[in-house]
Amino acid sequence: MSTQGWLVDRQARLRAFDRRHQWITDTLVAVPIVLFSIPNLIEDPLSATIATLVLLPPLYWRRRYPFRAFLATAAIELIEGLLDVGVGAGVILLVMLFGVASRGSWRALAWASGITVAQLLAEIYLFGPITPNRTLTSLLALGATVAAIASGVAVRTRRAYLIALEDRAARLEIERDQQARLAVAEERARVAREMHDIVGHHVSVIVGLADGSAALATSRQEQTAEPLRLIGETGRQALAELRRVLGVLREEDADPQLSPQPGIDDLDRLLPSVRAAGLPVTYSTSGELHTLGKGLQLAVYRIVQEALTNTLKHAGRSASATVTLAACEAEVRVRVLDNGRAIPAPPSHGLLGIRERATMYGGVVTAGPVENGWLVDVVLKEPS
């Protein structure tokens, strides 16, 4: 896990615990203050106990109202100073000042800082005993005040930084999901375009055969001429609709040209170009692959193409690949294995395309690292 991820996770855990058990963290703050008051409890148990109990409640609502809790504490400690029943007042005031610095507004922090300095100096020079070390004590008090403010501001800054990290991580996750959905939609549109090409080509062939047969039947004065002309006319209408749909998918104004899409035979032209790009490829087949439908052959071709493209991108310079096609009964299996670095490649349009094409034919995709390489194994089913 990265440092940012660790910080975000730790902050999330602490904040979740704090939301569920606020009284625990507030008590953890109160305990040291009570321990600090033990000497006063020994000297004057009744007065010190009352003073301590009066000062503790603001600790439990200082997070919701930090400046009000600070003012209440400052007022209580001022009264206790006048009555000479102090219980470590300076420490409690610094805790409240820390709360204002970490949670309050900057204006409230300015007022709280001034009040803290004035009250600590008053306790040293007005309410405290006259000693030769009062100057040193006042300097220490000022230093403690600065430390409380600096600590609170640091906590505020860290909290804002971690919140920003959480927000950034959430936005990145949303963007990643959006990009994945866009990639899937783009790949589906691409598959649809190719399938429209195949269907359009077949419809064009049907129209040509129907027109030719109709002309022949007319010359022979056969009764089948009219049905054949209707077949040809219906085919032309379907072809026109198909061209319009395909034009929308391609986002082009021009009338697209429908042409046959690549099949298994075209792998013999694809693999030499891959080898020329620097990837040695071994190719083997088994079974009656040429009897597969055009759509299924296109899916096989694209799966091999995308798998080899990923190998070129991620496997490294010294890698080689093996492509195996096997047709058995109503299934065809495509395996592309390389001996490159067995490091999972990042999600890509290629892998998305492989999964989309496999889904069209009820297929199963296995893609991932294996010993000394990376394997793409796809099983497709011939439509019944």
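Treat the numbers as computed from the prediction; the structure is a model and nothing was measured. Throughout, residues of each chain are indexed from 1 in the direction in which the sequence is written. Local features in this predicted model are restricted to residues of pLDDT 70 or higher, and side-chain atom pairs are both shown and tallied only at a pLDDT of 80 or more, whereas totals for entire chains, interfaces and linings draw on every residue. Hydrogens and water molecules were not included; the side-chain quantities draw on all heavy atoms of the structure.

Asks: What's the story with the pattern of salt bridges in this structure? I'm lost.
Replies: A side-chain nitrogen of Lys or Arg and a carboxyl oxygen of Asp or Glu constitute a salt bridge if their distance falls within 4 Å. Summed over the entire model, instances satisfying the criterion amount to three salt bridges. Taking the shortest distance from any N to any O, the salt bridge between aspartate 266 and arginine 269 comes out at 1.9 Å. The class for arginine 269 is exposed, based on a relative accessible area of 59%. Across the pair arginine 333 and aspartate 377 runs a salt bridge, and its minimum N-O distance is 2.5 Å. Placement of the pair is arginine 333 in strand S3 (residues 331–338) and aspartate 377 in strand S5 (residues 373–381), with a sequence separation of 44 residues. We classify aspartate 377 as buried; its relative accessible area is 7%. The cut-offs for exposure are 20% and 50% of the maximum accessible area for each residue type, with area from a 1.4 Å probe on protein chains only; residues under the lower value are buried, those over the upper are exposed, and the others partly exposed. Segments assigned H or I by DSSP are reported as helices when at least four residues long, segments assigned E as strands when at least two residues long, and all are numbered from the N terminus.

Asks: Sorry, what's going on with the packing of aromatic side chains here?
Replies: The geometry of an aromatic ring pair is captured by two quantities: the separation of the ring centres and the angle between the planes. What counts as a ring pair is set by centres within 6.5 Å for rings of Phe, Tyr and Trp (its six-membered ring), and what kind of pair is set by the plane angle: stacked under 30 degrees, edge-to-face over 60, tilted for all other angles. Tallied over the full model, the rule gives one aromatic pair. When the ring of phenylalanine 67 is compared with that of phenylalanine 70, the centres are 6.4 Å apart and the planes differ by 15 degrees; the resulting orientation is stacked. Of this pair, phenylalanine 67 and phenylalanine 70 both sit in helix H5 (residues 66–83), three residues apart, which is roughly one turn of the helix. The lysine or arginine in question, arginine 156, covers the ring of tryptophan 106, its NZ or CZ lying 4.4 Å from the ring centre. Both a distance and an angle decide whether a charge sits over a ring: NZ of Lys or CZ of Arg must be within 6 Å of the ring centre and within 35 degrees of the ring normal.

Asks: What exactly am I supposed to notice about helix H10 (residues 267–276) here?
Replies: Each full turn of the α-helix corresponds to 3.6 residues, which orients residues three or four apart in the same direction. Leu267, Leu270, Leu271 and Val274 are the residues of H10 that are buried. Down the axis, H10 shows its buried residues gathered within 95 degrees of arc, on one side only. Counted as exposed and oriented over 90 degrees from the buried face of H10: Asp268, Arg269 and Ala276. Tucked inside the fold, the buried residues of H10 contact strand S1 (281–286), helix H11 (294–314) and strand S2 (321–328). Downstream of H10 by one or two residues, glycine 278 has phi in the positive range, about 110 degrees. As used here, the arc is the angular range of directions from the helix axis to the C-beta atoms. Between two residues, a contact is recorded if the distance between any of their heavy atoms is within 4.5 Å.

Asks: For this particular structure, what's the right way to read the packing of H10 against H11?
Replies: Each pair of packed helices can be described by the angle between their axes along with the distance between the axes. Between H10 and H11, the shortest axis-to-axis distance is 11 Å and the interhelical angle comes to 5 degrees. As summarised for this structure, H10 and H11 are arranged roughly parallel, according to the angle between their axes. Within the contact between the two elements, H10 uses Leu267, Leu270, Leu271 and Val274 and H11 uses Tyr301, Val304, Gln305, Leu308 and Leu312. Taken together, the residues that form the contact of H10 with H11 break down as eight nonpolar, one polar and no charged. Axes, fitted as lines to C-alpha atoms, cover a helix only where it is in contact. Angles between the N-to-C directions of the axes lie from 0 to 180 degrees. Each angle is binned into one of four classes, with values under 35 degrees roughly parallel, values over 145 roughly antiparallel, values of 65 to 115 roughly perpendicular, and all other values oblique. For this scheme, ten residues count as nonpolar: Ala, Val, Leu, Ile, Met, Phe, Trp, Tyr, Cys and Pro. Four count as charged, namely Asp, Glu, Lys and Arg, and the remainder, Gly too, count as polar.

Asks: Where do I start with the sheet that holds S2 in this structure?
Replies: The pairing of strands in a sheet happens through backbone hydrogen bonds and is either parallel or antiparallel. Taking strand neighbours across the sheet as the criterion, the five strands line up as S1-S2-S3-S5-S4 in an open arrangement whose pairing is mixed. Lying at the two open borders of the sheet, with one neighbouring strand each, are S1 and strand S4 (364–370). Each adjacent strand pair in this sheet contributes to an overall mean axis angle of 10 degrees, direction not counted. Strand pairing is assigned whenever DSSP identifies at least 2 bridges connecting the two strands. Judged from the six bridges that link them, S1 and S2 form a sheet pairing that is parallel. Bridge pairing in S2 links tyrosine 283 to valine 323. The sheet strands contacting H10 are S1 and S2, and the helix crosses S1 at an angle near 160 degrees. Sitting on the sheet, H11 touches S1, S2, S3 and S5, and the angle it makes with S3 is about 10 degrees.

Asks: Honestly, unusual backbone geometry in this entry has me stumped. Any pointers?
Replies: Glycine aside, a negative phi is what most residues show, and trans is what most peptide bonds show. Despite not being glycine, glutamate 329 has its phi angle at roughly 55 degrees, a positive value. Relative to the elements of secondary structure, glutamate 329 occurs in the loop between S2 and S3.

Asks: Any chance you could explain a nonpolar patch on the surface here in plain terms?
Replies: In this scheme, patches are assembled from residues that exceed 30% relative accessible area and form no salt bridge. Like charges are connected within 9 Å, while nonpolar side chains (Val, Leu, Ile, Met, Phe, Trp, Tyr) are connected within 5 Å. For the area figures, the Shrake-Rupley method with a 1.4 Å probe applies, and any residue is considered shielded solely by the protein chains shown. Together, Tyr60, Trp61 and Tyr65 line one region of the surface with nonpolar side chains, adding up to about 300 Å² of accessible area. Inspection of the secondary structure assignment puts tryptophan 61 in the loop between helix H4 (45–60) and H5.

Asks: How should the environment of serine 151 be read in this particular structure?
Replies: Relative to the helices and strands, serine 151 resides in helix H8 (residues 134–219). Along the primary structure serine 151 and phenylalanine 98 are separated by 53 residues, whereas in three dimensions their C-alpha atoms are 6.9 Å apart. A polar contact is formed between the side chain of serine 151 and the backbone oxygen of alanine 147, at a distance of 2.8 Å. Polar contact is the term for a pair of N or O atoms within 3.5 Å; when the atoms are in protein, one must be able to donate a hydrogen and the other to accept it, and sequence-neighboring residues count only if both atoms are side-chain atoms.

Asks: What's the story with the environment of leucine 351 in this structure? I'm lost.
Replies: Relative to the helices and strands, leucine 351 is located in helix H12 (residues 349–360). For leucine 351, a relative accessible area of 14% puts it in the buried group. Each C-alpha atom, one on leucine 351 and one on alanine 367, is 8.2 Å from the other, the two residues being 16 residues apart in sequence. Leucine 351 has contacts with Asn310 and Ala367, leaving out every residue within four places of it along the chain.

Asks: What am I meant to see in the nonpolar core here?
Replies: Most often, soluble globular proteins keep nonpolar side chains buried together rather than apart. With 35 residues, the main nonpolar core has Leu308, Leu325, Val334, Ile354, Val378 and Leu380 as its most contacted residues. Every element with two or more residues in this core is listed here: H10, H11, S2, S3, H12 and S5. Sort the elements by how many residues they give to this core and H11 lands first, with eight residues. One finds Phe70, Ala74, Leu94 and Val100 within the second-largest nonpolar core, a separate group that totals 19 residues. The definition of a nonpolar core used throughout is a set of buried Ala, Val, Leu, Ile, Met, Phe, Trp, Tyr and Cys residues joined through side-chain atoms within 4.5 Å.

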